[in-house]
Amino acid sequence: LLLTDPGAHDMLASVRRVNGGLLSSAVRSLHRGGAVSARSTACGCPSHSSMAATGQSVSKPVILPVQVPVAVPGFGAPGQHQHRAISSESPHDVAETPDITEIFQNNKKWVIAMQEQDPDYFKKLGATHKPEYLWIGCSDARVPANEIMGLGAGEVFVHRNVANMVVNTDMNMNAMLQYAVQYLEVKHIIVAGHYDCGGVKASMEKQDLGLVENWLGGVRDVYRLHQKELDAISDKDARCRRLVELNVIEQCLNVFQTGVVQRQRLKTFHERDNTGATFATPRIHAMVFDPSDGVLRKLKVNFKELIQNYRHIYDIYDAAAWEKSGV
């Protein structure tokens, strides 16, 4: 690797002294192999190129080793660092690592299985992305959206976080929701909670979990809104299960109150004569998955009634527009 900076020697000494610093991405991206002349300028910097072209002096290139030893905490004897090398190999030349080898083996098996079922499977998968469903669920590893609904790759747009929350200040959620609704034009939004949810359980305990408490505060707000009903449930597990359900319902209302969803529902209703649709989209569904039996259940919620009760609070369009649309 080459450096034309006069301070390269000092930098190299610093890297070795700190014994753990990483070379900058700029240095790692330089060509491997033999030396490059000053006139060809290894860095490609316009200023160096012009200096070389006019005969001005250019710093002598400094050859750095292709592999630089760095200290990796957690390796070797306690209190010591074991030196490992940062290789200049292509990032695509990924050596199999014992602890994740199974992932790549499973991927190969999956590719073969998919191609046996349909030789054009990946050709179709890569051609378009137009899912009808948006799944807003919990990050829990026991709740895989596609598998639960028996749908394949490309059929569900998925967003997951702790306790399947829809927070109006969450830019990740807002960006995802706008893309799904406005551009993918999903027909159905599923907010799915699950019983035995660690986030919901944690919100019911008196403990300080640090930063995560800011997130769990949203679940506690749901408890506050339904405190009378929840406090009347003496069994703790049953109370937690009901909080899971109530949390899903509240997050559905949070989805409905967003501007992007309201705009799309009005738009699709007014276009129904041209599209042949019988209802405004996206439709919002409240569901709960039970890991103990694998069943996905739709909660019995009268969203039309709920929306009517809170329309004067959350609507961003006047009443006449909603009455005209009938949604």
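Residues numbered from 1 in each chain as written. Predicted model: local features only at pLDDT ≥ 70, side-chain atom pairs only at ≥ 80, totals over all residues. Heavy atoms only, no water.

**A short note on the side chain of S203**
Note on placement: S203 falls in helix 8 (residues 198-203). Within the structure, S203 has its side chain in polar contact with the backbone oxygen of V200 (distance 2.6 Å). Ignoring any residue separated from it by four or fewer positions in sequence, one finds S203 in contact with L216, V219, R220 and L243. (Helix = DSSP H or I, 4+ residues; strand = E, 2+ residues; numbered from the N terminus. Polar contact = N/O pair within 3.5 Å; in protein donor to acceptor, adjacent residues only side chain to side chain. Contact = heavy atoms within 4.5 Å.)

**Concerning the sheet that holds strand 5 (residues 133-138)**
The five strands are arranged 6-5-7-8-9 in an open sheet whose pairing can be described as mixed. Since the sheet does not close on itself, it has two edges, and those belong to strand 6 (156-161) and strand 9 (295-298), each with one partner. The average angle at which neighbouring strand axes cross in this sheet is 25°, direction not considered. As paired strands, strand 5 and strand 7 (residues 188-194) are joined by five bridges and run parallel to one another. Paired with G137 across the bridge in strand 7 is A192. Relative to strand 8 (residues 283-290), helix 11 (residues 236-256) is tilted by about 160°, and along the sheet it contacts strand 5, strand 7 and strand 8. (Pairing = 2+ DSSP bridges. Axes fitted to C-alpha atoms, helices over the stretch in contact; angles between N-to-C directions.)

**Some points on the nonpolar core**
Membership of the largest hydrophobic core comes to 40 residues, with the highest contact counts inside it found for L134, I136 and I189. Elements that contribute at least two residues to this core include exactly strand 5, helix 7 (171-183), strand 7, helix 9 (212-225), helix 11, helix 12 (259-270), strand 8 and helix 14 (303-314). Ranked by residue count, the leading element in this core is helix 11, at nine residues. Apart from residues lying up to four places away in sequence, I136 is in contact with H159, N164, V166, M173, M176, I189, I190, V191, A192 and V255. Among the nonpolar cores identified, the runner-up in size contains eight residues, and V143, V156, A192 and M287 belong to it. (Core = buried A, V, L, I, M, F, W, Y, C linked by side-chain atoms within 4.5 Å. Buried < 20%, exposed > 50% of the residue type's maximum accessible area, 1.4 Å probe, protein only.)

**Some words on unusual backbone geometry**
Here the amide bond leading from T281 into P282 is cis, since omega sits at 5°, within 30 degrees of zero. Relative to the elements of secondary structure, P282 occurs in the loop between helix 13 (272-275) and strand 8. The phi torsion at A163 lies on the positive side, around 65°, for a residue other than glycine. Mapped onto the elements, A163 comes out in the loop between strand 6 and helix 7. In this structure, E185 is a non-glycine residue whose phi angle is positive, near 55°. Among the structural elements, E185 can be located in the loop between helix 7 and strand 7. What makes E185 partly exposed here is its relative accessible area of 32%.

**Quick notes on the environment of E205**
Note on placement: E205 falls in the loop between helix 8 and helix 9. Once residues lying within four places of it in the same chain are set aside, the contact partners of E205 are R220 and K236. A distance of 2.6 Å separates a polar atom in the side chain of E205 from a polar atom in the side chain of K236.

**Describing a nonpolar patch on the surface**
A cluster of nonpolar side chains, I100, I103 and F104, forms an exposed patch at the surface whose accessible area comes to about 260 Å². Note that I103 resides in helix 4 (residues 101-117). By relative accessible area, which is 55% here, I103 ends up exposed. (Patch = residues over 30% accessible without salt bridge, like charges linked within 9 Å, V, L, I, M, F, W, Y side chains within 5 Å. Areas by Shrake-Rupley, 256 points an atom, 1.4 Å probe, with all protein chains shown as cover. Salt bridge = Lys/Arg side-chain N within 4 Å of Asp/Glu carboxyl O.)

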